[in-house]
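Working through the structure, step by step
Residue-level listing of the chains:
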Amino acid sequence: MSLYKCGNCGRMVELGADAQVRCPFCGYKILYKTRPGIIKKIKAR
Amino acid sequence: MKVEILEETDNSMRFILSEAHPSLANALRRIMVSEVPTLAIEDVTIIENTSSLYDEIIAHRLGLIPIRTDLDIMNLREECVCKGEGCPNCTLKLTLNSTGKDRIITVYSHDLKSEDERLKPIEGIPIIKLGKEQKLVLEAEAILGKGKDHAKWQPAVVGYKYYPAIEVNGECEDCKKCADVCPVNILESEDGKIKVIDEMKCTLCKSCVEACEKKIIKVRGDDKKFIFTLESTGALKPREILNKACEILEEKARELATLL
């Protein structure tokens with residue numbers, strides 16, 4: 001499961017691996033993948 | 001070795017090092033630049049970043065922010081009691097939590113919250129601009145390090161020059177060529193005599209030597225006396241940097257003596 005943002009209505013959409021790429025609220029077919037909530041560690045160099 | 005301070009402000013200092021040798025002056029300079037430890041951010045944990053910059057760029061910017069350091073309360077990680085694992089004696093934790101408002105906001109270094117009141121980032125350095133609905137949440141760990149590992153740990157920029165020695169021997173024709181040609185205007189010629197107004201300003205360019213037709217001016221650098229210019233990043237006071245550098249040089253000399 002990962003979180004997408006609808007390119008039309010802007011609502012957050014959660015889709016599974018085998019789900020159809022389509023916003024369930026407005027039917028728009030362009031979805032933007034959002035940043036996963038994984039904490040990232042980096043060296044400040 | 002003698003030190004005479006000419007001028008001193010919060011983050012810069014000029015001093016004369018006399019009764020010294022070029023090798024000593026350079027050793028002191030190199031230690032001040034690359035061996036005096038300071039605090040700098042080393043590890044960054046990005047929890048949320050919806051800003052316009054990549055995590056790596058933000059981390060790099062954070063690393064370069066000078067942090068006011070107190071060498072009495074912080075240890076180098078490898079010399080710490082925790083043996084490099086990281087504890088409050090060698091690690092300073094900082095947090096940042098900023099959200100963009102309706103108008104664009106700028107996140108500054110003083111928005112970083114330090115866990116220790118005595119060790120705080122230098123104020124007024126912009127980190128990033130955040131627009132509407134943009135958010136930056138992160139944690140950072142600052143550790144002591146040395147300039148030779150990374151320039152972010154460099155406490156100051158230091159330079160020195162030889163103390164100018166201007167000699168006039170012989171009869172002057174009062175042609176005023178030397179005074180005209182001097183780029184820092186420190187020579188004055190009056191009634192057949194050359195007067196040096198402020199010899200410290202001399203850049204040792206030797207234009208006056210070339211201009212003088214009778215070849216009576218001699219300019220050389222005194223290799224026992226040096227004019228140092230030190231500009232601190234703000235992490236340590238100039239005086240602290242000089243004192244610490246001298247301590248380190250002494251320690252190095254002692255170490256060499258035991259090895260011989």
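The preceding data block contains the structure.
In what follows, the accompanying structure is described.

What counts as what
Residues numbered from 1 in each chain as written. Chains lettered and ligands numbered in written order. Predicted model: local features only at pLDDT ≥ 70, side-chain atom pairs only at ≥ 80, totals over all residues. Heavy atoms only, no water. Contact = heavy atoms within 4.5 Å. Buried area = accessible area lost by both parts, 1.4 Å probe. Salt bridge = Lys/Arg side-chain N within 4 Å of Asp/Glu carboxyl O. Polar contact = N/O pair within 3.5 Å; in protein donor to acceptor, adjacent residues only side chain to side chain. Helix = DSSP H or I, 4+ residues; strand = E, 2+ residues; numbered from the N terminus. Core = buried A, V, L, I, M, F, W, Y, C linked by side-chain atoms within 4.5 Å. Buried < 20%, exposed > 50% of the residue type's maximum accessible area, 1.4 Å probe, protein only. Pairing = 2+ DSSP bridges. Phe/Tyr/Trp six-rings, centres within 6.5 Å; stacked < 30°, edge-to-face > 60°. Axes fitted to C-alpha atoms, helices over the stretch in contact; angles between N-to-C directions.

Counting residues at the interface gives 17 residues for chain B, matched by 9 residues for chain A. Surface buried jointly by chain B and chain A totals about 1300 Å² across both partners, of which 45% is contributed by carbon and sulfur atoms. The salt bridge involving Glu42(B) is made with Arg45(A); its shortest N-O contact spans 3.2 Å. For the pair chain B and chain A, the number of links is 9 residue pairs in polar contact (both at pLDDT 80 or more). Among the elements of the structure, strand S3 (38-49) and helix H2 (55-63) of chain B are those that each provide at least two residues to the side of chain B that touches chain A.

This paragraph deals with the nonpolar core. Residues and elements named next belong to chain B. Counting residues in hydrophobic clusters, the biggest one holds 28 residues, and the most contacted among them are Leu-39, Ile-41, Val-44, Leu-62, Leu-92, Leu-94 and Leu-112. Within the residue set of this core, elements represented by two or more residues are S3, H2, strand S4 (91-99), strand S5 (105-108), strand S7 (126-130) and strand S8 (135-145). Leu-92 has contacts with Leu-39, Ile-67, Met-74, Ser-114, Glu-115, Asp-116, Leu-119, Ala-140, Glu-141 and Ala-142, leaving out every residue within four places of it along the chain. If you look at the next biggest cluster of nonpolar residues, it comprises 20 residues, including Ala-156, Leu-236, Leu-242 and Ala-245.

Below, the discussion takes up the sheet that holds strand S4 (residues 40-43) of chain A. Taken together, 5 strands build an open sheet; the order of strands is S4(A)-S3(B)-S8(B)-S4(B)-S6(B) and the sheet is antiparallel. The sheet is open, and its two borders are formed by S4 of chain A together with strand S6 (113-114) of chain B, each paired with just one other strand. As judged from the 2 bridges shared by S4(B) and S6(B), these two strands associate in the antiparallel manner. Bridge assignment links Leu94(B) to a residue of S6(B), and that residue is Ser114(B).

Residues and elements named next belong to chain B. Enumeration according to the criterion identifies 4 aromatic pairs over all chains in this entry. Their ring planes at 5° and their centres at 4.9 Å tell us that Phe-15 and Phe-228 sit as a pair that is stacked. On the criterion of sequence distance, the pair formed by Phe-15 in strand S2 (residues 12-18) and Phe-228 in strand S12 (residues 217-232) is long-range, its members being 213 residues apart. In this structure Phe-15 comes out as buried when scored by relative accessible area, which is 0%. On the accessibility criterion, Phe-228 (0% relative accessible area) is buried. With 5.6 Å between their ring centres and 90° between their planes, Tyr-160 and Phe-226 make a pair best called edge-to-face.

On to the sheet that holds strand S3 (residues 31-33) of chain A, then. All names here are of chain A. The antiparallel open sheet is built from 3 strands, whose spatial order is S2-S1-S3. Each having just a single partner strand, strand S2 (12-15) and S3 make up the two edges of the open sheet. If you compare each strand with its neighbour and ignore which way they point, the axes differ by 40° on average. One ladder, built from 4 bridges, connects strand S1 (residues 2-6) with S2; its direction is antiparallel. Across the sheet, the residue bridging to Ser-2 is Leu-15, located in S2.

To continue, consider unusual backbone geometry. Residue and element names in this part refer to chain B. Not every positive phi belongs to a glycine, and Glu-19 is a case in point at roughly 55°. Tracing the sequence through the fold places Glu-19 in the loop between S2 and helix H1 (22-34). Note on Glu-19: relative accessible area 55%, which makes it exposed. For Lys-176, which is not glycine, the phi dihedral falls at a positive 65°. Summarising the element assignment, Lys-176 is placed in the loop between strand S9 (156-168) and helix H3 (177-181).

The next subject is the side chain of Ser51(B). Residue and element names in this part refer to chain B. Here Ser-51 lies in the loop between S3 and H2. Residue classification places Ser-51 among the buried positions, given a relative accessible area of 14%. Reaching out from Ser-51, the side chain makes a polar contact with the side chain of Asn-49 at a distance of 2.6 Å. A polar side-chain atom of Ser-51 sits 3.4 Å from the main-chain amide nitrogen of Leu-53. With residues up to four places along the chain from it excluded, the contact list for Ser-51 reads Ile-58, Ile-128, Leu-130, Gln-134 and Lys-135.

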